[in-house]
Amino acid sequence: MARGDHHRNVCIIHVSAHGTNPASAAMCGMKIITVGTDSKGNINIEEVRKAAEANKEYLSAHMVTYPSTHGVYEEGIDEICKIIHDNGGEVYMDGANMNAQESQSYPIKEASIIFQFSSGA
Ligand SMILES: Cc1ncc(COP(=O)(O)O)c(C=O)c1O
């Protein structure tokens, strides 16, 4: 918004995300593009890259859950954030796992921009 990118309406969300993620993005009028997981259940980084590059002009955000819903601090999180930032988007972190975030000093080098605090956190 601060950059005047009011046209950006694409939100990338992984299939393993909590259902409230796509639901809230849809309520905000965003177009949701889902990305899959790899054989270990982590976010498929190549799918993120393809989705981000294919939607570079309209990419608004990637909603991530970190640590992931299956309880893992995904090693690819820095790369995922960089891909999103390189393609004009921001990273929105699901705050449901804030307690786990608090136990880490500052785990993500490519810092997220937005962090929502969940009622259950
Ligand atoms: C990863 C994740 N995101 C979002 C939610 C939704 O949280 P709330 O009901 O507090 O909005 C949950 C709830 O369990 C969750 O586990």
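Naming follows an unreviewed UniProt entry, where the chain appears as Glycine dehydrogenase (aminomethyl-transferring) of Lactuca virosa.

Visitor: Explain the overall build of the chain to me, using residue names and the numbers behind them.
Guide: The helix and strand inventory of the chain stands at 4 helices and 5 strands. What you see in the chain, going N to C, is helices and strands ordered as β-α-β-α-β-α-β-α-β. A burial count over the chain gives 30% of its 121 residues as buried. Counting only contacts in the chain whose residues sit at least 6 apart along the sequence, the fraction spanning at least 24 positions is 58%.

Visitor: Describe the nonpolar core, and please don't skip the residues or the numbers.
Guide: Counting residues in each nonpolar core, the largest one holds 24 residues, and the members touching the most others are Cys 11, Ile 12, Val 48, Ala 52, Met 63, Ile 80 and Val 91. When contributions to this core are tallied by element, the ones reaching two or more residues are β1 (10-14), α2 (45-54), β3 (59-64), α3 (77-86) and β4 (90-93). Considering every element that reaches this core, the biggest residue donor is α3, with 5 residues. When residues no more than four places from it in sequence are discounted, the contact partners of Ile 12 are Ile 33, Val 35, Val 48, Ala 51, Ala 52 and His 62.

Visitor: Report on unusual backbone geometry, specifying residues and quantitative values.
Guide: Residue Pro 67 is reached from Tyr 66 by a cis peptide bond, and omega for that bond is 0 degrees. Along the chain, the position of Pro 67 falls in the loop between β3 and α3.

Visitor: Give me the lowdown on the packing of α2 against α3, citing residues and values where you can.
Guide: Helix packing geometry: the angle between the two helix axes and the distance between the axes. Viewed as axis vectors pointing N to C, α2 and α3 meet at an angle of 5 degrees, and their least axial separation amounts to 9 Å. Between α2 and α3, the crossing angle belongs to the class labelled roughly parallel. Contacts between α2 and α3 pair Ile 45, Val 48, Arg 49 and Ala 52 from the former with Glu 79, Ile 80, Ile 83 and Ile 84 from the latter. Residue classes in the contact of α2 with α3 are distributed as 6 nonpolar, no polar and 2 charged.

Conventions and cut-offs
Residues numbered from 1 in each chain as written. Predicted model: local features only at pLDDT ≥ 70, side-chain atom pairs only at ≥ 80, totals over all residues. Helix = DSSP H or I, 4+ residues; strand = E, 2+ residues; numbered from the N terminus. Buried ≥ 20, exposed ≤ 12 C-beta atoms within 10 Å, placed from the backbone. Contact = placed C-beta atoms within 7 Å. Core = buried A, V, L, I, M, F, W, Y, C linked by C-beta atoms within 7 Å. Axes fitted to C-alpha atoms, helices over the stretch in contact; angles between N-to-C directions. Parallel < 35°, antiparallel > 145°, perpendicular 65-115°, else oblique. Nonpolar A, V, L, I, M, F, W, Y, C, P; charged D, E, K, R; others polar.

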